[in-house]
Every structure is written in structure tokens, then in C-alpha cells.
Amino acid sequence: MKKVLFIIAHHGFQPVEYGTAKKVLQSAGVQIITASNLSGVAVSSTNASVLVDIVLDDVEISNYDGIFFIGGPGALANMDNEKSYRIIREVAVSGKIWGAICISPRILASAGVLKNKKVTGWDKDNELAGIFVKAGAEYVHESVVVDENLITGNGPLAAEEWGRAIARALA
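Residues numbered from 1 in each chain as written. Predicted model: local features only at pLDDT ≥ 70, side-chain atom pairs only at ≥ 80, totals over all residues. Heavy atoms only, no water.

Brief notes about the sheet that holds strand β12 (residues 150-153)
- Strands sit in the order β6-β3-β1-β7-β8-β12-β11 across an open sheet of seven strands; the sheet is mixed. Each edge of the sheet is formed by a strand with only one pairing partner; in this case those strands are β6 (54-55) and β11 (144-147).
- In the sheet, strand β8 (residues 97-101) pairs with β12 via four bridges, with the strands oriented parallel. Paired with isoleucine 101 across the strands is glycine 153, a residue of β12.
- The strands touched by helix α1 (residues 15-27) are β1 (3-8), β3 (31-36) and β8; relative to β1, the strand with the most contacts, the crossing angle is about 175°. (Pairing = 2+ DSSP bridges. Helix = DSSP H or I, 4+ residues; strand = E, 2+ residues; numbered from the N terminus. Contact = heavy atoms within 4.5 Å. Axes fitted to C-alpha atoms, helices over the stretch in contact; angles between N-to-C directions.)

Below is the structure:
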């Protein structure tokens, strides 16, 4: 059975991105493990709760077939840090599938792993193109973008399509 790690903010993750993509992947026979910056119960932006399986400090990328960051209003505050960057940098060179959805591709940009990549993400503040250019990436205005092993999505409305793209990459 394939195993994918979803990384969420302990407070303020986007529940549709998490839940919809998780259902798509589980229906494809993929096991989802949930990681966060803190242990215990993570709370979404709509007060839904999810039990955290593993904290970022304990993540070993060799244990997963893919690693993905979920967005939401708490993502940058809780996930834009060296613990996340370590995981991103390791998975980016591992040959495994990886990526992010919504605001979380900005974390990938901050980690310095998007050079010469095509990516998408949340851009309601009209800052994403500049962030990606600075990171050496090309911003593609699509709901889901697949560039080799990197899979990005632009938000909750893309969650199902993003989940299907991950499932196809795992097949």
C-alpha cells in the first residue's frame, strides 16, 4: 500500500483541501498519514479537528511515497520554518512525489526548491507571481500543475483534481 504524508498547520489548516484530497487518495488505496508542527489534535480554519499522527521533527521522508503541504490561513504562520524546509528540501531531491496546495506553495518557494519549476497556488493577494519569480519558478494560472514529481494546486476548489493528480503519480 502506498503511503502519503499530508502536512497541516496545527491551527488553521484548510479542511476541504485536506479532507477532499484524503478521500480521493484513500479511495485509490493510498494510506494518509497526517503530520503537523505540534502533536495532539489539529484544528482547521472551520474548527474541524484532525488527530496528528506524527510531528515534523520525527518525519523521515524514506517512510513515504509522497509528501504534501496543505494550505489554509494558519499554514504560513505554523509551517514556514526550518523544520518544514528540511522535509521539503529532502523530498525535492528524493525522486518521490511532493507538493503543496493553496498558500503552501509559498512555503516551497521559501525553502528554495522551485528553481525552473512550473507551479500554481493561491493568489488572492496578487503577490504569487512575484514570489515565484524570486524563487526562480514559473507561475501557471491553472487549478493544478504537475511538473515532473512536483504537484501543486491553487486552493479548495482544486482539492479533488489535486488529489487525483497525486493518485495518478503514485500509480
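Focus: the layout of surface pockets
- Of the voids in this model, the largest pocket is the one considered here, and its volume is about 160 Å³.
- Around the largest pocket sit 13 residues that line it, and Gly121, Trp122, Asp123, Lys124 and Asn154 are the ones nearest its centre.
- Class assignment for the residues of the lining of the largest pocket results in five nonpolar, five polar and three charged. (1 Å grid on protein atoms, 1.4 Å probe; cavity = no way out; pocket = protein on both sides within 12 Å on 5 of 7 lines; lining within 4 Å. Points joined across faces, edges and corners; volume = space filled by probe spheres on them. Nonpolar A, V, L, I, M, F, W, Y, C, P; charged D, E, K, R; others polar.)

Notes on helix α3 (residues 82-92)
- When we look at burial in α3, the residues that qualify are Ser84, Tyr85, Ile87, Ile88 and Val91. The buried residues of α3 occupy one face: seen down the axis, they fall within an arc of 165°.
- Close packing links the buried residues of α3 with β1, β7 (66-69), α2 (75-79), β8 and α4 (105-111).
- You can read the cap of α3 off the contacts: a side-chain oxygen lies 3.0 Å from the backbone nitrogen of lysine 83, and it is on asparagine 81. (Buried < 20%, exposed > 50% of the residue type's maximum accessible area, 1.4 Å probe, protein only. Arc of directions from axis to C-beta. Polar contact = N/O pair within 3.5 Å; in protein donor to acceptor, adjacent residues only side chain to side chain.)

Considerations on the pairing of β11
- Pairing analysis gives four bridges linking β11 to β12, with the strands arranged antiparallel. Counted as the bridge partner of valine 145 is threonine 152 from β12.

Interpretation in functional terms is not warranted from these geometric data alone.
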